[in-house]
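Structure at a glance
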Amino acid sequence: MLVTKQPVLRRFWYALLPMTALDDGPKPFTLLGEALVLWKRPDGTPVAMRDRCCHRTAKLSKGFVSEDGNIACGYHGWEYDCSGTCVKIPQNPSGAIPPGAAVKAYHCQARYGYAWVALDDPLQPIPDFPEDGAAGYRRIFQFYEEWQTSPLRVMENSFDNSHFSFVHKANFGLFDQPQPASYEFRETDYGFEAETRVPIRNPEASFRITGSTAPITERHLVNRYYLPFSRRFGCMYPDSGIHHIIYNCATPIDDGRLMLVQWLYRNDSEEHCSTQALIDWDAAITAEDREILEATDPDACVDTRRRVELHMPSDKPGLVIRRQLLGLLEAHGESEVFHSH
Ligand code: FES
Ligand SMILES: [Fe+2]
């Protein structure tokens, strides 16, 4: 699926950057092939606009936030407010603004510590992540990094427990137990919820993560898929009662690149397991996923339906993701666009 060729994908919210990334001025971000500038107003609200000044085409991401709280172009200082309207031309002593002097602005909101953007009118609000702000949970920003693959491949991977024994065999995967338990699916208005229990290796290095000292322990997973490219990894360790809930947005940059945005909620304390240890732990696991996902074809259609028929039930999540995505396209009069192979 070529994400830049599917207009309905422009009607969803995506997490782009942590709000703190805007503390020192405007930043560029390409979303679905569209070059944006993000900046933060003095009251802390984020703004997303086309990254192109309407005077002489300089990128506004090279500019700065003015004393009046507008974005100022770094070339000749034209200023734009949060609606994209040009409100100041320093070279013009009369203060007059030519009609039509404006830059396109996009839907932009701060949520969960990130700046979220929808390019066209969103079909749904930003998903509700109930752990955020809930008693007993701490939120840990883990990372955002650019990957050379497609968000569809990342979503398939997120619900594919049959890769643990191979991709993560040096970590928690059990190499000699390659058959994962099947998921229980519940389809929802945002996508689906899928629940299962997975035995994992628990070497000493992971004792603080799992809260258990048993050599083999269990993950009780209540994972969620949010159309089109976000997911919850809802991991609970029954031995200890620790929750390790990861949210990811595989934010599409263009056809073949995405920004993997990842953060975590834990119901334990800094004394039990430090923020840095939790960042390092999941960064190592995610690096294993990245290496294999960047080795896949970002665009090819994988015939999961046929494989499920051929008794590969572990491919069912990929099948459901694909069916829901294709249903979304169809409901908006689109069909899937591929590179020709
Ligand atoms: S190009 Fe932006 S002010 Fe001239
Ligand atoms: Fe993985």
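Owing to the predicted nature of the structure, the values given are computational and were not obtained by experimental measurement. (Residues numbered from 1 in each chain as written. Chains lettered and ligands numbered in written order. Predicted model: local features only at pLDDT ≥ 70, side-chain atom pairs only at ≥ 80, totals over all residues. Heavy atoms only, no water.)

Comments concerning empty space enclosed by the protein
The gaps of empty space that remain are located by a probe, the size of a water molecule, rolled over the atoms. Counted under the stated rule, the structure contains 2 cavities of 30 Å³ or more. There is about 300 Å³ of room inside the largest cavity. Lining the largest cavity are 23 residues; nearest its centre among them are Asn157, Arg231, Ile285, Thr286 and Asp289. Within the residue set of the lining of the largest cavity, elements represented by two or more residues are helix H1 (151-158), strand S15 (230-237), strand S16 (242-254), strand S17 (257-266) and helix H4 (275-293). Approximately 40 Å³ is the volume attributed to the second largest cavity. Taken together, Met1, Val3, Ser150, Pro151, Leu152, Phe229 and Pro298 form the lining of the second largest cavity. (1 Å grid on protein atoms, 1.4 Å probe; cavity = no way out; pocket = protein on both sides within 12 Å on 5 of 7 lines; lining within 4 Å. Points joined across faces, edges and corners; volume = space filled by probe spheres on them. Helix = DSSP H or I, 4+ residues; strand = E, 2+ residues; numbered from the N terminus.)

So, the nonpolar core
Grouped together as the largest cluster of nonpolar side chains are 60 residues, with contacts concentrated most on Leu16, Leu31, Leu38, Trp116, Val117, Trp263 and Leu325. Counting only domains with at least three residues in this core, you end up with domain 1 (3-118) and domain 2 (138-331). Apart from residues lying up to four places away in sequence, Leu16 is in contact with Phe29, Leu31, Leu36, Leu38, Ala115, Val117, Tyr144, Thr251, Met259 and Val261. Counting 18 residues, the second largest nonpolar core, distinct from the first, contains Val198, Leu221, Leu278 and Trp281. (Core = buried A, V, L, I, M, F, W, Y, C linked by side-chain atoms within 4.5 Å. Buried < 20%, exposed > 50% of the residue type's maximum accessible area, 1.4 Å probe, protein only. Domains from an automatic or database assignment. Contact = heavy atoms within 4.5 Å.)

A look at the UniProt feature "domain: Rieske" (unreviewed entry) in the chain
In this numbering, the UniProt entry assigns the feature "domain: Rieske" (unreviewed entry) to residues 13-117. The distance separating the terminal C-alpha atoms of residues 13-117 is 5 Å; by composition the span is 0% helix and 40% strand. (UniProt positions renumbered as here; feature names shortened; annotations may be inferred.)

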